[in-house]
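Here is what each chain is made of, one letter per residue.
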Amino acid sequence: MAVKKNKIELPIFEPIYGAYHYQGCGTAFLESNPSIINWYLNEVLNLSCTLKFLSGFTSPEINISNSSWKCNPYLDKKWYEMQFVDGYIHYVIRNLIDNDYYVYFNGIDDFYVDGKSDFGEKHFSHDGCICGYNQTEKTYCIYAYDQNWLYKKFWAPQKNFDKGRRALFKEGEFGYICGIKPQQDVVVFSFQKSLEKIAEYLSVEKDYFNKEKIHGIIVHNFIAQYLDMLYNGSVPYEKLDRRIFRLIWEHKKVMLTRILLIEQELKLDGSIGKEYETVVREADTCRMLYASHHMKRRDSVLPIIKKKLLTLKSLEQDLLEKLLTKAKGANTP
């Protein structure tokens, strides 16, 4: 059993995927075993989106399949439903942190939690993570999107965390907490698995309009259609999903890391990784343009973002197909 402390703050890594809290909590806590990132490089790369936005929903719900911390098999997880540890929840949280567990929470009303993205503005059942506590000041160190929409640590009163969960209790919503700690298995990068996932990402789904969710590189085309809908007003500006292009940018950054490792493992010349840097830069440009449009409406920038998005998609497809061909040749006796 860990020694009880008055104050503790666990370290945070920059997550490789962090558009959503449930993504960030998968890789931000890996200081004790950074090799787990190789699981993401091996297995987690396929884009997805739902098609509900075509019929009135205001978000394409873009995602990277299996990027939630819940899908990570190399994290030890300790689950507690809040309604059943009600009077002891702070003891449980401190005890988990004392034993080097980060505490993911879901089912807290952001309105009450100082510093969170909707604090004092909107009642919203949300998630986040607790990575430290201070018993002198009765605060928690929370890792989540703050009021400036920056994904970072900040301190908030424990009593307001209580207000947030009890507000949802009154509405019949009972959230949970889960302690998360990296296991100590050494995870090795596998260029074979990565290449299989890249081939899956490039495959074209048939009859995708009969599906509720689509996967693969074609997702870019649907995000382009979402931009058209923002431009023509069928998706209101006030309802735009601000997270889209952070996720796409992160997807490209991780893909570049994957490509470089594949080229290194197979002793390729590195040219594909070098060219792919353009994809990452263009994705970052799209992210910044989209963020500026969110801060101050400029509809004229949307067609520019769309053009860049489809251009980077085309370049990415070309480069990944070349990578698969080169890898096949390098593996042929």
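Scroll up a little and you will see the structure.
What comes next is a walk through the structure. What you see is a predicted model; the values in this text were computed from it and never measured. (Residues numbered from 1 in each chain as written. Predicted model: local features only at pLDDT ≥ 70, side-chain atom pairs only at ≥ 80, totals over all residues. Heavy atoms only, no water.)

### Here we look at the environment of valine 92
Heads up, the condition is: We count a stretch as a helix when DSSP gives it H or I for four or more residues in a row; a strand needs E for two or more, and each element gets its number in order from the N terminus. When accessible area is computed with a 1.4 Å probe and restricted to protein chains, residues below 20% of their type maximum are described as buried, those above 50% as exposed, and intermediate ones as partly exposed. We call two residues in contact when some of their heavy atoms are within 4.5 Å.
Mapped onto the elements of the fold, valine 92 is located in helix H3 (residues 89-98). In this structure valine 92 comes out as buried when scored by relative accessible area, which is 12%. With 85 residues separating them along the chain, valine 92 and isoleucine 177 place their C-alpha atoms 9.4 Å apart. Beyond its immediate stretch of four places on either side in the chain, valine 92 contacts Tyr80, Val85 and Ile177.

### Topic: the sheet that holds strand S2 (residues 47-50)
We apply this condition: Two strands are counted as paired when DSSP detects at least two bridges linking them. To obtain each axis, a line is fitted to C-alpha atoms, and for helices this fit is confined to the stretch in contact; angles are then taken between N-to-C directions over 0 to 180 degrees.
Judged by pairing direction, the sheet is antiparallel, and its three strands sit side by side in the order S3-S2-S10 without closing on themselves. Since the sheet does not close on itself, it has two edges, and those belong to strand S3 (63-64) and strand S10 (213-215), each with one partner. In this sheet, S10 lies alongside S2 in antiparallel orientation, the contact comprising three bridges. Bridged to serine 48 within S10 is histidine 215. Lying over the sheet, helix H6 (residues 219-232) contacts S2 and S10, oriented at roughly 40 degrees with respect to S2.

### A look at the pairing of strand S6 (residues 125-134)
Extensive coverage of S6 is indicated by the burial of nine of its ten residues. Bridge analysis of strand S5 (residues 102-109) against S6 gives six bridges, and the strand direction is antiparallel. Considered in S6, the bridge of asparagine 106 is made with aspartate 127. One ladder, built from five bridges, connects S6 with strand S7 (residues 139-145); its direction is antiparallel. Bridging from a neighbouring strand, asparagine 134 pairs with threonine 139 of S7. The antiparallel pairing of S6 with S7 creates a hairpin that spans four residues between the two strands, and lysine 138 there sits at a positive phi of about 55 degrees.

### Let's talk about the nonpolar core
One recurring pattern in soluble globular proteins: nonpolar side chains tend to sit buried together. Quick reminder of the rule: Only buried residues count toward a nonpolar core, which is a set of Ala, Val, Leu, Ile, Met, Phe, Trp, Tyr and Cys residues joined through side-chain atoms within 4.5 Å.
Counting residues in each nonpolar core, the largest one holds 105 residues, and the members touching the most others are Ile93, Ile130, Ile142, Phe245 and Tyr290. Sort the elements by how many residues they give to this core and helix H7 (residues 244-265) lands first, with ten residues. Among all residues touching isoleucine 130, those that are not within four sequence positions of it are Ile93, Ile97, Tyr102, Val103, Phe105, Tyr140, Cys141, Ile142 and Phe161.

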